[in-house]
Amino acid sequence: MKKLLTTLCTSLLAGCANHVCDAPTSPEREPFVVNGYEASYQDFPSIGAMVSPGGTQAHCTVSFVKNDLALTAAHCLEVGLVSFILYGYDEEFEEPCDESLYTIVASKMHPDYKESKYSNNWRDLALLLLEEEVPDVEPISILQPSEFETALRLGNMVTIAGYGAYGEYDYVSGSGKLYAADVPITGHLNEYEIMLAGEELTQGDACYGDSGGPAYVYAHGKVQLTGVASRAPPGSFYKCGEGTIYTLPGRYAEWIENTYQELREEYPLKKPMPIDQDTEAVAVNENWLYPSGGASCQFSPSSSNGSSLLGLLLGLYALRRKRK
């Protein structure tokens, strides 16, 4: 869809799943994986989606850095009424269901985001604190600045992933399903942001609904989180395919940890469900809010059918987690 973007704003606000929501007041560019391949959360065991109640509409993508803390883009918090993270599924639900939905009890944008928005460095980063720990998630470590010189060289390949819309750069369809792509590092915008993809329109790229989604690198023997999807470069002609700017969370490690401690002190972690020691079974408590739903949750299973450049390395990473 060759449509000129006439707005000066190129924010990657979360996209509308299933094309059912009203068009935004300004045609802002939003990230989703195009020209990519279907993926599974088992390949990316730290990934999740910000969803509406019932899990039927994915708004943004997130990365777990702790069992009770996820990173996303600050602009994802501007959509409102998003209070859950979906984890453990490759796509959103067709019908409302509570299975694998985890309540966001508090969120925090970077304090300089609003003042920095539309400047060279947006500081487009936010924290999502969960009411309880996600038991099966495998938090990912963040690539630190000391590793940038080697890991983030121009031309190095990284893997991006997200629950946004999918298709080709000039034709996109659907959303809410996990897709991934292998893309090159194409620019260093400033000390806090990098550009990924965009050299060819047929390359993978992020777009609608992938805001906040991860960029992975393999460094020092493990897969690490190096970027958080923010926005398209200024002057983008196509909806997607001309590259995406990613925030480097490693530059904000101190802020992330300090803010997490402050939020967790204000919102104490919900205690684990008690275990009946005699039967070694989980005690029944109808007031407990652990996610549930089971077979009533309707979704179309998807499997990874693409060939990932980092697939082997990500596969080794995924094997270390306890699969459901």
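To keep things clear, this report deals only with the structure shown in the data block. Keep in mind that this is a model prediction, so the values were computed, not measured.

Criteria and thresholds
Just so you know, the residues in each chain are numbered from 1, in the order the chain's sequence is written. Reporting of local features is limited, given that this is a predicted model, to residues whose pLDDT is at least 70; pairs of side-chain atoms are given and counted only at 80 or more, and all residues count toward the totals for whole chains, interfaces and linings. Side-chain metrics rest on all non-hydrogen atoms present in the structure, leaving aside hydrogens and water. A helix here means a DSSP run of H or I that spans at least four residues, while a strand means a run of E at least two residues long, and both kinds are numbered starting from the N terminus. Note on classification: 1.4 Å probe, protein chains only; a residue is buried when its accessible area is under 20% of the maximum for its type, exposed when over 50%, partly exposed between these limits. Working rule for contacts: check all heavy atoms of both residues, and any pair within 4.5 Å makes them a contact. Counting of polar contacts relies on pairs of N or O atoms within 3.5 Å, with two restrictions inside protein: one atom must be capable of donating a hydrogen and the other of accepting it, and residues adjacent in sequence are counted only when both atoms are side-chain atoms. Two strands pair under a simple rule: DSSP has to find at least two bridges between them. An axis is simply a line fitted to the C-alpha atoms; with a helix, the fit covers only the stretch in contact. Between two such axes, the angle follows the N-to-C directions and lies from 0 to 180 degrees. The term salt bridge refers to a side-chain nitrogen of Lys or Arg lying within 4 Å of a carboxyl oxygen of Asp or Glu. Any pair of cysteine sulfurs within 2.5 Å is marked as a disulfide.

This part covers the overall build of the chain. Helix and strand content of the chain: four helices and 17 strands. Here the chain holds 324 residues, and 55% of them are scored as buried. For the chain, the proportion of contacts with a sequence separation of at least 24, taken over those separated by at least 6, is 72%.

Tracing the backbone shows Arg264 in helix H3 (residues 253–266). Along the chain, Arg264 and Leu129 lie 135 residues apart, while their C-alpha atoms are 7.6 Å from each other. Non-local contacts of Arg264, meaning those with residues more than four positions away in its chain, are made with Asp68, Val105, Leu129, Leu130, Glu131 and Leu269. Only 2.7 Å separates the side chain of Arg264 from the backbone oxygen of Tyr267, close enough to count as a polar contact.

Taken in spatial order, the six strands of this closed barrel run E2-E3-E4-E7-E6-E5, and their pairing is antiparallel. Strand after strand, the sheet turns through a mean of 45° between neighbouring axes, direction not considered. Pairing analysis gives three bridges linking strand E3 (residues 58–66) to strand E4 (residues 69–72), with the strands arranged antiparallel. Bridge pairing in E4 places Phe64 opposite Ala70.

Okay, the pattern of salt bridges next. Note on pairing: side chains with opposite charge can pair once their charged atoms come close. All chains considered together, the criterion is met by four salt bridges. The partner of Asp68 in a salt bridge is Arg264, and the shortest N-O contact between them spans 2.8 Å. On the criterion of sequence distance, the pair formed by Asp68 in the loop between E3 and E4 and Arg264 in helix H3 is long-range, its members being 196 residues apart. Considered together, Asp68 and Arg264 belong to a single accessibility category, that of buried residues. For Glu191, the salt bridge is made with Arg251, and the minimal N-O distance between the two is 3.5 Å. Taken together, the positions of Glu191 in the loop between strand E11 (179–190) and strand E12 (193–196) and Arg251 in the loop between strand E15 (244–247) and H3 put the pair 60 residues apart, joining distant regions of the chain. For Arg251, a relative accessible area of 31% gives the class partly exposed.

The next subject is the state of the cysteines. Scanning all chains against the criterion turns up one disulfide. Note that Cys60 is cross-linked by a disulfide to Cys76, the S-S spacing being 2.1 Å. Residues Cys60 and Cys76 are joined through a disulfide that is left-handed, its torsion about the S-S bond being -95°. With Cys60 in strand E3 and Cys76 in the loop between E4 and strand E5 (84–86), the pair connects residues that are 16 residues apart, well separated along the chain. Exposure remark for Cys76: the relative accessible area of 1% places this residue in the buried category.

Among the five residues in strand E7 (residues 126–130), five count as buried, and that is most of the element. Here E7 shows a buried face lined by Ala126, Leu128 and Leu130 and a second buried face lined by Leu127 and Leu129. Here four bridges tie E4 to E7, and the two strands are oriented antiparallel to one another. Bridge pairing in E7 links Ala70 to Leu128. Where strand E6 (residues 101–109) meets E7, five bridges bridge the pair, whose relative direction is antiparallel. The partner of Lys108 across the bridge, within E7, is Leu127.

That's the geometry; what it means functionally is another story.
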